[in-house]
Amino acid sequence: MQDIVVIGGGPAGLSLLAALKSSPKTRHLSCTLIEGSSLQSVRDFLVEPPEEYTNRVVSLTPKSVEFMQQKVGNWDFIKQDRVRFYDNIVAYDSQDNDARIEFDATQIGAGVLAVMCENINIQSSLIGRLNELGMDDSTTILDNTKVIDITSPIHHDLDQHDLNEIDVNSGKSDLDWPIVKLSTGESIQARLLVGCDGYNSPVRKFAGIESRGWQYNTFGVVATIKMQYEDHRSIGWQRFLSTGPLAILPLSEDNATIVWSSTPWLSELLLKVNPDIFPHLINAGMTLEEVDLKYIYSMLDKDPNDFKVLDEIQWRLSKIDIKSLEENYPLPVVELIQNSRARFPLKLSHADTYVAPRVALVGDAAHTIHPLAGQGLNMGQSDVGFLVDALEKGIERGLDIGSTMVLDSYVANAWPGNHMMLGVCDKLHKVFTTDFGPVVLLRGLGIKSLNMAESVKDLMIKAISGR
Ligand SMILES: Cc1cc2nc3c(=O)[nH]c(=O)nc-3n(C[C@H](O)[C@H](O)[C@H](O)COP(=O)(O)OP(=O)(O)OC[C@H]3O[C@@H](n4cnc5c(N)ncnc54)[C@H](O)[C@@H]3O)c2cc1C
């Protein structure tokens, strides 16, 4: 029996465990985290990170960094030589080159807009922090251990409505603690079960919480790349193509990472294009007109190893004024890091609520968002903050931490902000991935006027940077 069982050792689950163990009010709780895969590479990263960047990289808002510094205490364990602060995002439209918007953090008196950091760097810093706090009997991490079933020990004949009616403070609360069955054959009973178990969340399914949303029929292709040289401009670049946005985000020295959101067909092509052609394809995607891109894609579709495409790209690039290329576009990409390409299906989903009696959902288990504004993991960090606040208050008042009386304030604080962010990113995706003339014209006008309407832009910068 445990006070809290966390399922999922991704960024959300490990953050929650470290935050609980860092808080003087919750650190006495007995907690077990269960992760289906091995966390060995995460532990190894802490001791000896690999030379090259891993391909799962996220943009962290300053608010998330502050949370890691002040509430969780893991920021000191982040490998600082592998993070890159940036202060500017330049977003532009493939269908109207003059439609550009710059989000510059200095405009709102802040030095930093966001920070690029590998997921594994975040996870390993959390393990580092947990080690520092001391892994005593009240803190257990079981990796390589899958949750195979979750059951409720009571009232199998009751429906969800009846379960909601059970008074968890009636003195019979020990009866309704969910039982988590593990692949090792063991079972754990939890006063509070927290699902940090990602999009397909078994905990969400156990609790019968509905999640609504849709697939975008789009994949995010990620890769680690090298630029021609280190760009001291500290800019994140995002170009809106009709197939989806292509972003190049800076890492340390000449390294960078890309997220190329694209149709199923294009994403497949991006993964199979010859690795020596791929960097040129990114350069083309960041600069050339849609009609040229379509021609280049069609050549590569016939033969992904067709090096003649390089002449086609070069010839088209040579028509762009060199000064404009230097000032208005990212540096040329020169290399793809071996085996760093991967694709992820993109979707929107939001759970109707994040809690049920004895259950809470955190991170992607509660919501998944299009990555165009880099918010998914950040939303999970703010969930962790709100959930720990709710549990601290519940403990102060002597309440049962599994009761909805305690958990309800978590939903009240976390859900509305997440819902707004999900809506904004969904609309941005829909407006920008169309080549329907009138919409293109309107969005061009929108971007141009937005660049002039400083107050609206400031608001957007504040949203991006989580301030
Ligand atoms: C292309 C792309 C780019 C992105 N860029 C950004 C960005 O710039 N900024 C940002 O903030 N976010 C970004 N995100 C989103 C971010 O990666 C996710 O929001 C975040 O990783 C989710 O973390 P999580 O811990 O909630 O879930 P996950 O990382 O999905 O972790 C869930 C864990 O639960 C475990 N699990 C599941 N079921 C079981 C079971 N039955 N038993 C045991 N364990 C189980 C899984 O093994 C997994 O480790 C991006 C996402 C994509 C796809």
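The coordinates are above.
Residues numbered from 1 in each chain as written. Predicted model: local features only at pLDDT ≥ 70, side-chain atom pairs only at ≥ 80, totals over all residues. Heavy atoms only, no water.

Engineer: What should I look at first to understand helix α3 (residues 62-72) in this one?
Structural biologist: Spacing of three or four residues puts side chains on the same side of an α-helix, whose turn is 3.6 residues. Those residues of α3 lying buried are P62, S64, V65, F67, M68 and V72. Downstream of α3 by a residue or two, G73 has a phi angle that is positive, lying close to 80°. (Buried < 20%, exposed > 50% of the residue type's maximum accessible area, 1.4 Å probe, protein only. Helix = DSSP H or I, 4+ residues; strand = E, 2+ residues; numbered from the N terminus.)

Engineer: I keep staring at the pattern of salt bridges and nothing clicks. Help me out?
Structural biologist: When charged atoms on two side chains of opposite charge get close, those side chains can pair. Summed over the entire model, instances satisfying the criterion amount to 18 salt bridges. The shortest N-O distance in the salt bridge between D143 and R43 comes to 3.1 Å. One end of the pair, D143, is in the loop between β8 (139-142) and β9 (147-151); the other, R43, is in helix α2 (residues 40-47), and 100 residues separate them in sequence. D143 gets classed as buried once you look at its relative accessible area, which sits at 16%. Judged by its relative accessible area of 26%, R43 is partly exposed. One salt bridge in this structure joins D400 and R358, with 2.6 Å as the shortest N-O distance. Within this pair, whereas D400 is found in the loop between α12 (376-396) and α13 (404-432), its partner R358 is found in the loop between β18 (355-356) and β19 (359-361), the two being separated by 42 residues in sequence. A cluster of three or more residues bridged by salt bridges with shared partners is formed by D3, D176, R191, R358 and D400. (Salt bridge = Lys/Arg side-chain N within 4 Å of Asp/Glu carboxyl O.)

Engineer: Looking at this structure, I do not really get the site of the ligand. What am I missing?
Structural biologist: If you check the shell around the ligand, you find 29 residues, and the closest are E35, S59, V147, D364 and L377. Here an oxygen atom of the ligand and a backbone polar atom of L377 are 2.8 Å apart. Here N378 contributes a side-chain N or O atom positioned 3.0 Å from an oxygen atom of the ligand. Considered on its own, the ligand offers 1000 Å² of accessible surface; in the complex 82% of this is hidden by protein. Broken down by secondary-structure element, the contributors of at least two residues to the shell around the ligand are α1 (11-22), β3 (57-60) and α12. Its residues assigned to classes, the shell around the ligand shows twelve nonpolar, twelve polar and five charged. Both of domain 1 (2-82 + 118-210 + 352-427) and domain 2 (217-344) provide at least three residues apiece to the shell around the ligand. (Near = heavy atom within 4 Å. Polar contact = N/O pair within 3.5 Å; in protein donor to acceptor, adjacent residues only side chain to side chain. Areas by Shrake-Rupley, 256 points an atom, 1.4 Å probe, with all protein chains shown as cover. Nonpolar A, V, L, I, M, F, W, Y, C, P; charged D, E, K, R; others polar. Domains from an automatic or database assignment.)

Engineer: For this particular structure, what's the right way to read the packing of helix α8 (residues 278-287) against helix α10 (residues 308-317)?
Structural biologist: Packed helices, taken two at a time, are described by their axes: the angle between them and the distance between them. As a packed pair, α8 and α10 sit with axes 10 Å apart at the nearest point and diverge in direction by 35°. In the packing of α8 onto α10, the handedness of the crossing is left-handed. For the pair formed by α8 and α10, the contact residues are H280, L281, A284 and T287 on the first element and L310, I313 and L317 on the second. A per-class count over the contact of α8 with α10 returns five nonpolar, two polar and no charged. (Axes fitted to C-alpha atoms, helices over the stretch in contact; angles between N-to-C directions. Left-handed = near helix turned anticlockwise from the far one by under 90°. Contact = heavy atoms within 4.5 Å.)

Engineer: What's the story with the side chain of T224 in this structure? I'm lost.
Structural biologist: Assignment of secondary structure puts T224 in strand β12 (residues 211-227). Judged by relative accessible area, which is 0%, T224 ranks as buried. Residue contacts for T224: discarding those within four places in its chain leaves Y53, T54, N55, A256, E335, L336, I337 and S340.

Engineer: What's the story with the pairing of strand β2 (residues 31-34) in this structure? I'm lost.
Structural biologist: Note on strand geometry: in a regular strand, side chains alternate between the two faces of the sheet. Alternating residues of β2 divide into C31 and L33 and T32 and I34, and every residue in both groups is buried. With four bridges joining them, strand β1 (residues 2-7) and β2 adopt parallel strand pairing. Paired with V5 across the strands is T32, a residue of β2. Each parallel crossover has a hand, and the one from β1 via α1 to β2 is right-handed. (Pairing = 2+ DSSP bridges. Right-handed = clockwise from strand over helix to strand, strands pointing away.)

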